[in-house]
Amino acid sequence: MMNWSGISEKVHASERLSYEEGLWLFEQHDVIKIGKLAQVARRRLHGNKVYFNKNRHINPTNVCAFHCNFCSFARTSDKEDGAYTYMPEQIPDRVRGAVNQGVREFHIVGGLHPELGFDYYLDVLRTLKREFPHIHLKAFTAVEIDFFRELTGLSHTEVLQQLQEAGLDSMPGGGAEIFHWDIRKKICPEKANQEVWLAVHDAAHRLGLKTNCTMLYGHIEKPEHRVHHMVALREQQDKSGGFQTFIALAFHPEDNNLGRKLNRQWTTGVDDIKTMAISRLMLDNIPNIKAYWVMLTPALAQVALNFGANDMDGTIIEEHIYKDAGARREAMTVEELKEFIRAAGYIPVERDTVYNELEVFA
Ligand code: V47
């Protein structure tokens, strides 16, 4: 029989929660209770610290060969309204301002362009690394890596090695969506599936690359698909150990087919907070839980710090994927981030991409 005291004992003893216990937590309405348990795990790992970094997103192209029905960002060809593709040599000038403001990381992801070869993506990295050698390049999701494998006939490992030579320093966690095929076949059937997505991260971890992982929730999935997803990530982490951060991504319903089908229904605040807390409890071997403020809004991301989250991402600057899907806020200054963290009662800590602490703002 599952109950609060059994789960609470396990959390206090740092014992792993089962799939069934994860599901049971999703069925509970006492979100404060779930949050308190998540805070036990969060405080054990991070005390009162909340991390942020100074980063800038770069989305080199929005032209994409795939048709994921939740995506508002993609265009099917260069000719479609709103389509854009930056040539590698155009990018440094676009981001120089952010570099001058002290940005330390570029988060680079984009469409799977049907006509550009692998060299385009290598050139994006090479150009940025040449121009800004001190900036960390966190680039390309597992889905993009698998697309490059298809383009080149190389293995995932060989693709990653070539990207590393061109300047790749780590990988973001996108493209995981919901692994369970009952859902995945309805929202992104063309994308790398669970096995492939995990195999790419496995290959990256074995090359010494740190990566992140995500879950897209709040659309047609059920709690069991969320818990299945978390357990799959946890099992992969047991094997290869290179995930740094988990980010639960709430579905944004504006301007995409899935959103229209669901009558533009947004996730609720309670669901967002509950999902955050349960992810902290289930993912006992992934060190950080990110409250991605672009996705949650800064206000709810701040609340999430009391529900298991210990990281607020960063300054971000020029985000497209969420903005196109209905998010309103595009950038936060370092001062704003620090203020949000302090006002919630935590200590802001600036980190680099791989979680070295750069400055503790006590
Ligand atoms: O994989 C796309 C999601 C992801 C929508 O690694 C949507 O540090 C909601 O992965 N509504 C990309 N979500 C973003 C991402 C990410 C973000 C921040 C930090 C990190 C990190 C990674 O965005 C996609 C997809 O799951 N997404 N469209 C939408 N309409």
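The preceding data block contains the structure.
Residues numbered from 1 in each chain as written. Predicted model: local features only at pLDDT ≥ 70, side-chain atom pairs only at ≥ 80, totals over all residues. Heavy atoms only, no water.

**Student:** In this structure, what is going on with the pairing of strand β7 (residues 243-250)? I would like to understand it.
**Tutor:** Successive residues of a regular strand alternate their side chains across the two faces of the sheet. Burial within β7 is extensive, with 8 of its 8 residues counted as buried. Pairing analysis gives 7 bridges linking strand β6 (residues 210-217) to β7, with the strands arranged parallel. Bridge pairing in β7 places M215 opposite A248. (Buried < 20%, exposed > 50% of the residue type's maximum accessible area, 1.4 Å probe, protein only. Helix = DSSP H or I, 4+ residues; strand = E, 2+ residues; numbered from the N terminus. Pairing = 2+ DSSP bridges.)

**Student:** Explain the packing of helix α2 (residues 19-27) against helix α12 (residues 269-282) to me, please; I cannot follow it from the model alone.
**Tutor:** Helix-helix packing: each pair is described by the crossing angle between the helix axes and the interaxial distance. For the pair α2 and α12, the least separation of the axes is 10 Å and the interaxial angle reads 160°. It follows that α2 is roughly antiparallel to α12 by the angle criterion. By crossing handedness, the relation of α2 to α12 is classed as right-handed. Two secondary-structure elements touch here, α2 through Y19, G22, L25 and F26 and α12 through K274, T275, I278, L281 and M282. Looking at side-chain class alone, the contact of α2 with α12 contains 6 nonpolar, 2 polar and 1 charged residues. (Axes fitted to C-alpha atoms, helices over the stretch in contact; angles between N-to-C directions. Parallel < 35°, antiparallel > 145°, perpendicular 65-115°, else oblique. Left-handed = near helix turned anticlockwise from the far one by under 90°. Contact = heavy atoms within 4.5 Å. Nonpolar A, V, L, I, M, F, W, Y, C, P; charged D, E, K, R; others polar.)

**Student:** Would you mind showing me how to read the environment of L337 here?
**Tutor:** Within the element layout of this structure, L337 appears in helix α16 (residues 334-343). If we skip the residues at most four places from it in the chain, L337 touches F52, W293, M312, G314, T315 and M332.

**Student:** Hey, could you run me through the site of the ligand in this one?
**Tutor:** In the vicinity of the ligand there are 23 residues, among which G175, E177, H252, K290 and Y322 approach most closely. One of the backbone nitrogen or oxygen atoms of G174 is found 3.3 Å away from an oxygen atom of the ligand. The fraction of the free accessible surface of the ligand (610 Å²) that becomes covered by protein chains is 96%. Residue assignment for the shell around the ligand shows that the elements contributing at least two residues are β6, β7 and α15 (321-324). Among the residues making up the shell around the ligand, the classes are represented as 11 nonpolar, 8 polar and 4 charged. (Near = heavy atom within 4 Å. Polar contact = N/O pair within 3.5 Å; in protein donor to acceptor, adjacent residues only side chain to side chain. Areas by Shrake-Rupley, 256 points an atom, 1.4 Å probe, with all protein chains shown as cover.)

**Student:** Mind showing me how you'd approach the packing of helix α4 (residues 91-100) against helix α5 (residues 118-131) here?
**Tutor:** Viewed as axis vectors pointing N to C, α4 and α5 meet at an angle of 45°, and their least axial separation amounts to 10 Å. When the axes of α4 and α5 are compared, the pair comes out oblique. Read as a crossing pair, α4 and α5 show a hand that is right-handed. Of the residues in α5, those touching α4 at I91, P92, V95 and R96 are V124, T127, L128 and E131. Here the residues of the contact of α4 with α5 sort into 5 nonpolar, 1 polar and 2 charged.

**Student:** I would appreciate a short explanation of the packing of aromatic side chains in the present structure.
**Tutor:** How two aromatic rings sit relative to each other is set out by the distance from centre to centre and by the angle between their planes. The tally for this structure, following the rule as stated, stands at 15 aromatic pairs. Pairing Y51 with Y355 gives two aromatic rings, centres 5.7 Å apart and planes at 90°, and the pair type is edge-to-face. With a gap of 304 residues between them, Y51 in strand β1 (residues 49-53) and Y355 in the loop between β10 (347-351) and β11 (357-360) connect regions that are remote in the sequence. Of the two residues, Y51 and Y355, both sit in the buried class. A ring pair is formed by Y121 and F140, whose centres lie 5.9 Å apart and whose planes are at 80°; its orientation type is edge-to-face. Taken together, the positions of Y121 in helix α5 and F140 in the loop between β4 (136-139) and α6 (142-152) put the pair 19 residues apart, joining distant regions of the chain. There is no split in this pair, since Y121 and F140 are both buried. An aromatic cluster is built from F66, F118, Y120, Y121, F140, F147 and F148, whose rings are joined through pairwise contacts. Note that R351 overlies the ring of Y355, its terminal NZ or CZ placed 4.2 Å from the centroid. (Phe/Tyr/Trp six-rings, centres within 6.5 Å; stacked < 30°, edge-to-face > 60°. Lys NZ or Arg CZ within 6 Å of the ring centre and 35° of its normal.)

**Student:** I'm lost on α16 in this one. Help?
**Tutor:** Since the α-helix turns once every 3.6 residues, residues separated by three or four places project in the same direction. Of all the residues in α16, the buried ones are V334, L337, K338 and I341. Angularly, the buried residues of α16 cover 95° about the axis, an arc narrow enough to put them on a single face. In α16, those exposed residues whose orientation departs by more than 90 degrees from the buried face are E335 and A343. In this structure, the buried residues of α16 make contact with β1, α13 (293-296), β9 (311-314) and β10. (Arc of directions from axis to C-beta.)

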